[in-house]
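Residues per chain are reported as follows:
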Amino acid sequence: MRKKIIFVFIGLLIFTNEIVFSEEEIIIPKNVIAIEMGYTISSLIVWGITENPFFVTAIQYERQISESVSLGGRFDYRIMSFPDFDSRTDLSSFSFEAHIRYYPERNVFFVDGMLGYAGFIYYSSFANSETVNSISHYFKFGGKLGWRIDFGKPGGFILEPSIGYYGAIGSTNIDFSNRWLNLLYEHFIIKGFFVGGPQFSLCLGYRF
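So, here's what we can say about the structure.

The rules behind these values
Residues numbered from 1 in each chain as written. Predicted model: local features only at pLDDT ≥ 70, side-chain atom pairs only at ≥ 80, totals over all residues. Heavy atoms only, no water. 1 Å grid on protein atoms, 1.4 Å probe; cavity = no way out; pocket = protein on both sides within 12 Å on 5 of 7 lines; lining within 4 Å. Points joined across faces, edges and corners; volume = space filled by probe spheres on them. Helix = DSSP H or I, 4+ residues; strand = E, 2+ residues; numbered from the N terminus. Nonpolar A, V, L, I, M, F, W, Y, C, P; charged D, E, K, R; others polar. Phe/Tyr/Trp six-rings, centres within 6.5 Å; stacked < 30°, edge-to-face > 60°. Buried < 20%, exposed > 50% of the residue type's maximum accessible area, 1.4 Å probe, protein only. Lys NZ or Arg CZ within 6 Å of the ring centre and 35° of its normal.

**Re empty space enclosed by the protein**
By the definition in use, this model includes two cavities of 30 Å³ or more. Considered as a void within the structure, the largest cavity measures approximately 110 Å³ in volume. The set of elements that each furnish at least two residues to the lining of the largest cavity consists of strand E3 (69–83), strand E4 (87–102), strand E6 (132–147), helix H3 (179–194) and strand E9 (197–207). At four residues, the largest contribution of residues to the lining of the largest cavity is made by E4. Here the residues of the lining of the largest cavity sort into eight nonpolar, four polar and seven charged. Estimates place the volume of the second largest cavity at around 80 Å³. Lining of the second largest cavity is provided by Gln60, Tyr61, Glu62, Ser70, Gly72, Gly73, Arg74, His99, Arg101, Asp112 and Lys144.

Below, the structure written as structure tokens:
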């Protein structure tokens with residue numbers, strides 16, 4: 001009788017452990033919230049050195065829909081200001097992006113595709129002259145290659161460096177009298193930094 005009780009007890013332990021382990025295997029983190037740290041820290045450093053307001057930040061959300069594919073969204077905001085004694089010029093942009101990612105290496109390396117909308121705002125005010133305040137609209141697209149470094153398995157803090165390029169379709173509402181100044185703003189300042197251009201990202205996030 002005593003041996004039967006011992007065997008039943010051992011069987012219950014094995015059965016319980018199998019249930020716990022199977023539940024732990026099923027629970028896989030599917031959500032990631034991350035903040036752009038690379039641009040934000042570097043912009044604050046430039047702000048401190050030049051004493052001109054310069055700030056870039058972004059926040060993104062990602063939802064895993066399978067082992068190798070995820071969908072996500074990202075909001076990006078950038079502003080650069082040039083105040084003077086009798087004038088002020090502000091350049092800023094905001095964008096909403098939809099992302100799809102493919103992970104060939106089980107949530108480590110990824111290929112990221114993006115489609116989105118961006119608005120570029122130009123504000124200029126001079127003493128004894130007309131104030132210019134305009135917004136230009138852009139359709140943006142592009143891709144990135146990245147690497148997710150997971151510090152906690154499963155879930156926890158992650159670090160995500162990535163590199164890529166974004167293109168932009170649209171034109172600015174600003175019309176300078178100088179043709180070269182128009183080209184500088186359109187292709188290098190707006191499409192090269194505020195809306196598109198090379199993308200170097202370093203995100204810090206939490207996976208849960």
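**Description of the packing of aromatic side chains**
Counting across every chain of the model gives 15 aromatic pairs. When the centroid spacing of 5.8 Å and the interplanar angle of 85° are considered together, the rings of Tyr122 and Tyr185 count as edge-to-face. Placement of the pair is Tyr122 in strand E5 (residues 109–126) and Tyr185 in helix H3, with a sequence separation of 63 residues. What makes Tyr122 buried here is its relative accessible area of 7%. Exposure remark for Tyr185: the relative accessible area of 12% places this residue in the buried category. Taken together, a centroid distance of 6.4 Å and an interplanar angle of 20° make the contact between Tyr206 and Phe208 stacked. Residue classification places Tyr206 among the partly exposed positions, given a relative accessible area of 41%. By relative accessible area, Phe208 is classed as partly exposed at 45%. One aromatic cluster is present, built from ring pairs that chain together Tyr39, Phe54, Phe120, Phe193 and Phe194. Above the plane of the ring of Phe193 lies Arg78, whose end atom (NZ or CZ) is 4.9 Å from the centre. Lying over the aromatic face of Trp180, Arg179 brings its terminal NZ or CZ to 4.4 Å of the ring centre.

Taken by themselves, the reported measurements are silent on function.
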